[in-house]
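Here is how the chains run, residue by residue.
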Amino acid sequence: MVDSFLRELPAHQMGLWKFALRLTRNQHDAEDLLQRSYVRAIEKRSQWQPATSMKSWVFAIMHSIWVNDLQHPRLRLVESLEQMDVPDWDIASDETTHNPEHRLHFKQIILAVESLPEAQRMVMLLVGIEGFSYQEAAEVLSIPIGTVMSRLARARVAIGSQFAHHQQNHSSAQYA
Amino acid sequence: MKIDETTLLAYLDGQLSPEDVRQVDQAINQDDHLKTTLQALRASALPYQQAYSAQKLPALPQALAAQLDQAVINAQQTQEDLQRSTDQPPASTRRHWLQAAVAAVAGLGVGIYLQPMIMGSATESSSDWIVAAASYHAMYTPETLAGDAQATAASLSTTQKFAQRAGKPVKVPDLSGYGWQLKRVQLLKFREQAVLQIAYLSSSGLPGALCVAHQPQASASERVQSKQHHGVQTAKWRADSLEYVWISDDTASDNLRVAQAISSHQAPLISALS
């Protein structure tokens, strides 16, 4: 009988890929991070408690590998100078974002989050984008829940200060 | 009760007790700073998830997805083998799985990156990229550069592309008179900076490399300075906003001698006719 961890892990593959891209902001590092996280999660799967969230457990592994093993600057081989350029992950043009004003607003939101200090950006990614609870975010980041809340509040104040003048024109209800 | 931005966020989220809400209401009315902070928090209620969902992220490469799926299949297979074979010792099984896991990720090609190991050992006098280059070089063995040398035209072409991007002339030294044969030229990346690596193999089988990075903020020239990083010898210098380092497993004095020959232009240059 195959354990439930191995059955469920592939369901988190895309979520881990997106989180890796957002952690590293770089496709090549994201590929490296994803494969290391996968292998380590499988190796350590006996430590996972089935009653707890597998998503937060594997995200915690990925965050730990990023912070402890990969975040330090290093040399790597590139195939061409074009690979030197930072990828521009644009906003897709679909029915949600066909309005150029909405697309611009989304870009401004992403820019505001990405401009935060790294500790605050990380909490915003987990709570604001991934939808983790404060407790789950605390587990992923290995920090107290109070620290998650204070970082989130500081991040929100910083973002809100930039968006205060937008509020009349762009309520979140427009996108619901 | 201390009222700060965390309290105000809990207030907006409806997480406070009625008594705490009353205290916050009272404080907001008396404190303009708290009022401004509350306004910012209200303005920060934005469609974050929708904005990020609309982002066009790179697709997960199919080859990587297949490797990850294979790692799961290998683990499942190992587990089933274990259940069938009750006399198999756990250590052996673990080794079997680890081998399978390593095999599963070993063929990823461009997805495999080299570890820097530069954390505590960087020194104030050396650029970070040079320490990283030494770390990269420390993993070279004679086998890394074994086999046929890259075609001269390809080596010069890569060098030319790097030079064009830097806006500075960069040449490939011919070090055969010093016992080093050119093997290949390749581009590396350190943070968002391009690094040109010109790799050589000595007649005794030692790997060596001349690495170059464009440093537009550092126009002053610097003479050759030697240092050991990660067990390999480095000799760096700077000229015309380009920083160079000659790295090898040679002795410190021989490493310095080659670096001085390159930096003083005593070593001839490789041309398209070589």
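What comes next concerns the included structure.

Rules of the game
- Counting starts from 1 at the beginning of each chain's written sequence and moves along it residue by residue.
- Chain letters start at A and ligand numbers start at 1, both assigned in the order the entries are written.
- Confidence filtering applies because this is a predicted model: local features only for residues at pLDDT of at least 70, side-chain atom pairs given and counted only at 80 or more, and all residues used for totals across whole chains, interfaces and linings.
- The basis for every side-chain value is the complete set of heavy atoms in the structure, and neither hydrogens nor water enter the calculation.
- Secondary structure elements follow DSSP: runs of H or I no shorter than four residues count as helices, runs of E no shorter than two count as strands, and numbering proceeds from the N terminus.
- Residue contacts follow a heavy-atom distance rule, with two residues in contact if any of their heavy atoms lie within 4.5 Å.
- In this description, accessible areas are obtained by the Shrake-Rupley approach with a 1.4 Å probe, and a residue is regarded as covered only by the protein chains that are shown.
- Buried residues are those whose accessible area, probed at 1.4 Å on protein chains only, stays under 20% of the maximum for their type, while exposed residues exceed 50% and partly exposed ones sit between those limits.
- Polar contact is defined as a pair of N or O atoms within 3.5 Å, subject to the rule that within protein one atom must be able to donate a hydrogen and the other to accept it, and that residues adjacent in sequence are counted only when both atoms are side-chain atoms.
- Two strands are counted as paired when DSSP detects at least two bridges linking them.

1. Regarding the overall build of chain B
The number of helices and strands found in chain B is 9 helices and 6 strands. In chain B, the share of contacts with a sequence separation of at least 24, taken over all contacts with a separation of at least 6, comes to 58%. If you sum the accessible surface of chain B, you get close to 13,600 Å²; carbon and sulfur atoms cover 51% of it.

2. Some thoughts on the environment of alanine 134 of chain B
Residues and elements named next belong to chain B. Within the secondary structure, alanine 134 sits in helix α7 (residues 128-138). With a relative accessible area of 0%, alanine 134 lands in the buried category. Separated by 95 residues in sequence, alanine 134 and histidine 229 place their C-alpha atoms 6.0 Å apart. Not counting residues up to four positions away in its chain, the partners in contact with alanine 134 are His229, His230, Val232, Thr234 and Ile247.

3. Quick look at helix α1 (residues 5-12) of chain B
Residue and element names in this part refer to chain B. Of all 8 residues in α1, 6 are buried, a share of seventy percent or more. Considered for burial, the residues of α1 that qualify are Thr6, Thr7, Leu8, Leu9, Ala10 and Tyr11. At the N-terminal boundary of α1, the capping side chain belongs to aspartate 4, with an oxygen 3.1 Å from the backbone nitrogen of threonine 6. Within two residues after α1, glycine 14 carries a phi angle of roughly 70°, on the positive side.

4. A short note on the pairing of strand β1 (residues 180-190) of chain B
Residues and elements named next belong to chain B. Of all the 11 residues making up β1, 9 are buried; the element is thus mostly covered by neighbouring parts of the structure. Here β1 runs beside strand β2 (residues 193-202); their pairing, made up of 10 bridges, is antiparallel. Across the sheet, residue phenylalanine 190 finds its bridge partner in β2, namely glutamine 193. In sequence, β1 turns back onto β2 through a hairpin of 2 residues, with arginine 191 there showing a positive phi of about 50°.

Limitation: the analysis is restricted to geometry and does not speak to function.
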